[in-house]
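Examination of the molecular architecture
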Amino acid sequence: MAHENLKRGVLALAAGILVASSAHAGGLERGGYNIDLLFDPSDYAAEAATTYVVPQRKLKNVRDTDTGNTDILGGTFGGGNLNYRPNSVDDTENYWVPRVGFKAALTDGIDCMADYSQPWGAHTNPGKNWAGANNNIETKVESDNYAATCSYKWDMGPGQFRIIGGVFYQEVNGFKERLVQDYTGTPLAGLFSGVGRLELEGDGWGWRTGVGYEIPEYALRASLVYNSSVELDNLSGFIDLRQLGFVVPGVGLVTGTKYDVNGSASMPDSLELKLQSGFAPDWAAFGSVKWTDWSQLQVLKFCPATVSRTTPCTSLDLLYRDGWTISGGVGHKFNDQWSGAVSLTWDRGTSHGYGSQTDTWLLGSGVSYTPTKNVEFRMAGFAGIMTSGSSGAVTYQGDVIGDDVSYDFGNDFVGGISTALKVKF
């Protein structure tokens with residue numbers, strides 16, 4: 001029989017490892033959603049954590065497959081043939097994922113927590129000097145999530161049953177830059193970069209509900225939590241084409257403009273099952289299965305805000321499929337102060353023919369140090385492989401997507417480290 005104090009170290013560390021590993025999942029996932037602090041047995045608990053992720057995705061065999069028309073002086077636009085540029089490039093950027101939360105036991109049966117996190121994000125930055133610059137120079141997505149979650153628990157059988165509910169407010173913003181026109185070797189090269197920029201921001205509300213069951217004597221906990229989608233119906237921003245220019249005979253030099261656009265998107269809903277239990281003195285097993293509805297994000301269209309404008313809409317092409325993340329591991333309590341754990345995580349890639357988000361395998365490990373009953377330090381890390389694949393043109397609802405660039409990528413490394421501090425009183 002596992003002692004209840006096992007929860008102080010091993011299971012808290014297990015949760016930390018799973019959170020760290022989820023910081024590099026499919027779609028736009030960064031920190032995702034996490035309410036483990038709500039289950040802390042203390043009357044009050046505060047926690048701060050941060051994860052640093054190092055993905056090393058490299059694209060190779062890159063080919064510009066939409067060479068367009070480069071007759072700039074004749075007054076026509078076209079991306080240009082970029083196949084003279086390098087055909088391999090480092091695509092990804094390192095990033096931080098912070099999270100802070102506070103939990104309070106309001107009564108014997110009611111617990112509540114408030115937290116801040118950054119559930120979604122992405123940052124690719126291959127730059128301008130590669131053969132696929134017509135598709136992407138830099139893309140970055142950021143998010144801020146403010147949540148309040150409560151639960152009510154009561155005795156049921158040998159343990160306690162818990163009902164969970166909460167709301168969250170989310171802000172999402174981002175931009176994408178790509179090469180709209182290649183001016184290399186033309187008289188306009190010193191005047192215009194040829195880069196176009198799409199920038200957007202929006203916000204929305206979501207909610208969560210779930211259930212949990214705990215048997216403290218066995219350090220057992222099971223929880224099932226659903227997080228709703230967040231409708232970003234007010235996504236708005238601009239397209240900046242002021243770095244474009246062309247010569248019109250009889251008119252002269254004409255430059256591009258900056259104009260407002262709007263659209264909508266839906267950040268995904270998710271369902272996560274978590275299980276953990278002691279199985280021998282000072283030993284515990286843990287695992288989780290999560291489904292995320294990334295297939296909501298396919299082709300996002302953004303159109304000029306002014307109805308009379310004749311400028312066509314632009315699109316952000318994602319073509320994601322649903323994400324699945326499965327994790328499992330074991331932990332051991334060495335003594336009253338030190339615990340350790342290891343885990344293995346598989347994340348199904350959300351790309352399938354277009355994009356570079358393939359399956360990922362992660363091996364995680366960590367240690368927990370509890371110098372006093374009120375303070376806990378955790379450090380966890382992971383290393384893994386982003387599997388190989390290729391990207392090119394695919395057909396979606398009768399339209400061809402991704403016909404501007406094709407590329408391959410091998411099995412690439414991804415790693416990360418996470419630290420956390422929890423204070424209980």
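Residues numbered from 1 in each chain as written. Predicted model: local features only at pLDDT ≥ 70, side-chain atom pairs only at ≥ 80, totals over all residues. Heavy atoms only, no water.

Per an unreviewed UniProt entry, the protein chain is named Long-chain fatty acid transport protein, and its organism is Ensifer adhaerens.

1. Comments concerning the sheet that holds strand β3 (residues 89-90)
Formally: A pair of strands counts as paired when DSSP detects no fewer than two bridges linking them. Helix and strand labels come from DSSP, where a helix needs a run of H or I of at least four residues and a strand needs a run of E of at least two; each type is numbered from the N terminus.
The strand order across the open sheet formed by four strands is β3-β2-β26-β23, and the pairing between neighbours is antiparallel. On the outer flanks of this sheet lie β3 and β23 (389-391), each paired with one strand and no other. Strand direction decides the pairing type here: β23 and strand β26 (residues 405-409), joined by three bridges, are antiparallel. The partner of S391 across the bridge, within β26, is Y407.

2. Quick look at the pairing of strand β21 (residues 360-372)
Both strand β20 (residues 338-347) and β21 contribute to a ladder of ten bridges, which runs antiparallel. For S339, the partnering residue across the bridge sits in β21 and is S368. When β21 meets strand β22 (residues 375-386), the two strands line up antiparallel, connected through eleven bridges. Looking across to β22, one finds that Y369 is bridged to F377. A loop of two residues connects β21 with β22, the two strands running antiparallel in sequence.

3. Things to note about the pattern of salt bridges
The following threshold applies: Any carboxyl oxygen of Asp or Glu that lies within 4 Å of a side-chain nitrogen of Lys or Arg is treated as forming a salt bridge with it. Burial classification: accessible surface area is computed with a 1.4 Å probe over protein chains only, and a residue below 20% of its type maximum counts as buried, one above 50% as exposed, and the rest as partly exposed.
In the structure shown here, the tally under the stated rule is 18 salt bridges. When the shortest N-O distance is used, the salt bridge between R197 and E177 registers 2.8 Å. Pair noted here: R197 is in strand β9 (residues 195-215) and E177 is in strand β8 (residues 159-179), with a separation of 20 residues, a long-range link. The salt bridge partner of E376 is R378, with a shortest N-O separation of 3.8 Å. By relative accessible area, E376 is classed as buried at 1%. Salt bridges sharing common partners tie together K103, D111, K153, R162, E214 and R221.

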